[in-house]
Amino acid sequence: MRSLDSDSSESATPCEKHDASFQPSMEKGTLYVVPTPIGNLEDITLRALRVLKECDLVLAEDTRHTGQLLKHFESKKPMLSYHKFNEAARKDQILERLKQGEQLALVSDAGTPGISDPGQRIISEAIAHGFRVEPLPGACAITTALSACGLPTDEFHFIGFLDRKSARRRRRLEACIDIKGTLVLYESPHRIEKLLEELNDIMPERNVVLARELTKKFEQWVRGTATALWARRSTIKSKGEFVVLIQSS
Ligand code: SAM
């Protein structure tokens, strides 16, 4: 069995980083964390496809949504719903299946499970019960946006979604003013204008990047100071999905 313990792995020299011969068979009793595309179906990895076709069961945030993905990629694996409303109730059932040696693939509707998506809880439980948890690299809106935003990426701070309530949103943003590194957050299209107003009030001079509909047909990048974006808010489409990045002072 391959070990994932930090002290038992040998580090590769740079020329060994891509080892084409390393295609290990899947391990029994393992929870695989499998990213899926955030818009463009081409962004699934070869390894994710293999795990989705060879696993015993797919744990899906929404079985209808994941069912379409599996159908597209010709996987006929069974699914079990795993989402924020049933994650506590599903825990024992999932741990029991791992105990029986099953290979489980955890997916969310889009991107990386556990990142502003269900998954973190069962991942923690699986680790606590001594099961292997193996992450696959892949699509994530945070890293996709960071990689082309043009703001510094040597240090960044991700805060997920802001609260819906105005006072809490403002308090959270004010608490982030002194954070070093680029601030990254997810925002609903319904609140993007509200966010621009808040940024204009709280950090008007900061450079802001709106990364909209990444990897999709209408991908769009909007860049400017918080004040400039607030001034041109009527020209910014408030539809689709947004990652918002804010340069530190
Ligand atoms: N787990 C996902 C990931 O790895 O990115 C994030 C899931 S979270 C429920 C959904 C939010 O991610 C959206 O509201 C948006 O802020 C961001 N997002 C997801 N896909 C996106 C895309 N294609 N373009 C821009 N933002 C996206």
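Our subject is the structure listed above.
Residues numbered from 1 in each chain as written. Predicted model: local features only at pLDDT ≥ 70, side-chain atom pairs only at ≥ 80, totals over all residues. Heavy atoms only, no water.

1. Considering empty space enclosed by the protein
Item 1. Taken as a whole and judged by the stated rule, the model has 1 cavity of 30 Å³ or more.
Item 2. Of the volumes computed, that of the largest cavity is approximately 30 Å³.
Item 3. Forming the walls of the largest cavity are Leu49, Leu52, Lys53, Leu69, Leu70, Phe73 and Ser75.
Item 4. Looking at the lining of the largest cavity, the elements with two or more residues in it are helix H1 (46-54) and helix H2 (63-72).
Item 5. Element by element, the count of residues in the lining of the largest cavity is highest for H1, at 3 residues. (1 Å grid on protein atoms, 1.4 Å probe; cavity = no way out; pocket = protein on both sides within 12 Å on 5 of 7 lines; lining within 4 Å. Points joined across faces, edges and corners; volume = space filled by probe spheres on them. Helix = DSSP H or I, 4+ residues; strand = E, 2+ residues; numbered from the N terminus.)

2. Remarks on the nonpolar core
Item 1. The biggest cluster of nonpolar side chains holds 22 residues, and the ones touching the most others in it are Leu199, Leu210 and Val244.
Item 2. By residue number, the principal contributor to this core is helix H7 (residues 192-202), which donates 5 residues.
Item 3. Once you skip the residues sitting within four places of it in the chain, leucine 210 turns out to touch Ile192, Leu196, Gln220, Trp221, Val222, Leu229, Ile236, Phe242, Val243 and Val244.
Item 4. Formed by 17 residues, the second largest nonpolar core is a distinct cluster that contains Met26, Tyr32, Ala48 and Val51. (Core = buried A, V, L, I, M, F, W, Y, C linked by side-chain atoms within 4.5 Å. Buried < 20%, exposed > 50% of the residue type's maximum accessible area, 1.4 Å probe, protein only. Contact = heavy atoms within 4.5 Å.)

3. With respect to the environment of glycine 150
Item 1. If you trace the backbone, glycine 150 turns up in the loop between helix H5 (141-149) and strand E6 (156-161).
Item 2. Separated by 73 residues in sequence, glycine 150 and arginine 223 place their C-alpha atoms 9.4 Å apart.

4. Quick notes on the environment of proline 78
Item 1. Structurally, proline 78 can be placed in the loop between H2 and strand E3 (79-81).
Item 2. Separated by 22 residues in sequence, proline 78 and aspartate 56 place their C-alpha atoms 7.4 Å apart.
Item 3. Leave out the neighbours within four places in its chain, and proline 78 touches Asp56, Leu57 and Val58.

5. Quick look at the pairing of E6
Item 1. Relative to strand E7 (residues 182-187), E6 runs parallel, the two being bridged by 4 bridges. Across the sheet, the residue bridging to histidine 157 is leucine 183, located in E7.
Item 2. One crossover worth recording links E6 to the parallel E7 by way of helix H6 (residues 166-175), and it is right-handed. (Pairing = 2+ DSSP bridges. Right-handed = clockwise from strand over helix to strand, strands pointing away.)

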